[in-house]
Amino acid sequence: MSFAQAIVENVLKLAEEKGAKKVSKVLVEMGELLLINPEQLEFCFQVASSGTIAEGAVLELEFIKPHIECLLCGKRYDEPIAICECGGIIKVEGGKDMVIRKIEMEV
Ligand SMILES: [Zn+2]
């Protein structure tokens, strides 16, 4: 629930600043490592936004892949792992951010 609430709170704050009457669409970038369940987030978003000007807004999610690379050989991975096959240490960057990219609203 906390992610959905954070999104709704930020959306409402921005919408208020712009003097919007209604929020129709929200585009959020989600790091894959946050392990968000899209359906659950969508549901929580609808609950958290009900009774606000963001009620009924479409929530669009875009999942961002983390950058995972071995510090020793430079091999890249799609999933975070403990150690590279060469024995090198793995560096993980990104993939844990939540960014509100775009808000469509009616003023
Ligand atoms: Zn390596």
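Going by an unreviewed UniProt entry, the protein carries the name Hydrogenase maturation factor HypA and comes from Archaeoglobus veneficus. In UniProt, the protein has this text filed under Function (unreviewed entry): "Involved in the maturation of [NiFe] hydrogenases. Required for nickel insertion into the metal center of the hydrogenase." Heading Sequence similarities (unreviewed entry) of the UniProt record for the protein holds this comment: "Belongs to the HypA/HybF family."

Peer 1: Would you mind going over helix 1 (residues 2–17) with me for this structure?
Peer 2: Side chains three or four residues apart in an α-helix point the same way, a direct result of the helix having 3.6 residues per turn. With 16 residues, helix 1 ought to run about 22 Å at 1.5 Å a step, and its terminal C-alpha atoms sit 23 Å apart, in line with that. Those residues of helix 1 lying buried are Ala4, Ile7, Val8, Val11, Leu12 and Ala15. Across the axial projection of helix 1, the buried residues extend over an arc of 125 degrees, all falling on one side. Exposed and oriented more than 90 degrees from the buried face of helix 1 are Ser2, Glu9, Lys13, Glu16 and Glu17.

Peer 1: Is there a simple way to think about the coordination of the zinc ion in this case?
Peer 2: For a metal with four tetrahedral donors the ideal donor-metal-donor angle is 109.5 degrees, whereas six octahedral donors ideally subtend 90 or 180 degrees. Only Cys70 (SG), Cys73 (SG), Cys84 (SG) and Cys86 (SG) from the protein coordinate the zinc ion, and they sit 2.2 to 2.3 Å from it. Around the zinc ion, the 4 donor atoms sit at angles spanning 106 to 116 degrees, and that spread fits a shape best called tetrahedral. Written as a sequence motif, the donor residues of the zinc ion are C-x2-C-x10-C-x1-C. In this pair, cysteine 73 sits in the loop between strand 3 (67–70) and strand 4 (76–77) while cysteine 84 sits in the loop between strand 4 and strand 5 (90–93), placing the two residues 11 residues apart along the sequence. Exposure remark for cysteine 73: the relative accessible area of 46% places this residue in the partly exposed category.

Definitions and cut-offs
Residues numbered from 1 in each chain as written. Predicted model: local features only at pLDDT ≥ 70, side-chain atom pairs only at ≥ 80, totals over all residues. Heavy atoms only, no water. UniProt positions renumbered as here; feature names shortened; annotations may be inferred. Helix = DSSP H or I, 4+ residues; strand = E, 2+ residues; numbered from the N terminus. Expected span 1.5 Å × (residues − 1). Buried < 20%, exposed > 50% of the residue type's maximum accessible area, 1.4 Å probe, protein only. Arc of directions from axis to C-beta. Donors = N, O, S within 2.8 Å, 3.2 Å for Na, K, Ca; no water. Tetrahedral: all angles 85-135°; square planar, octahedral: opposite > 155°, others 65-115°.

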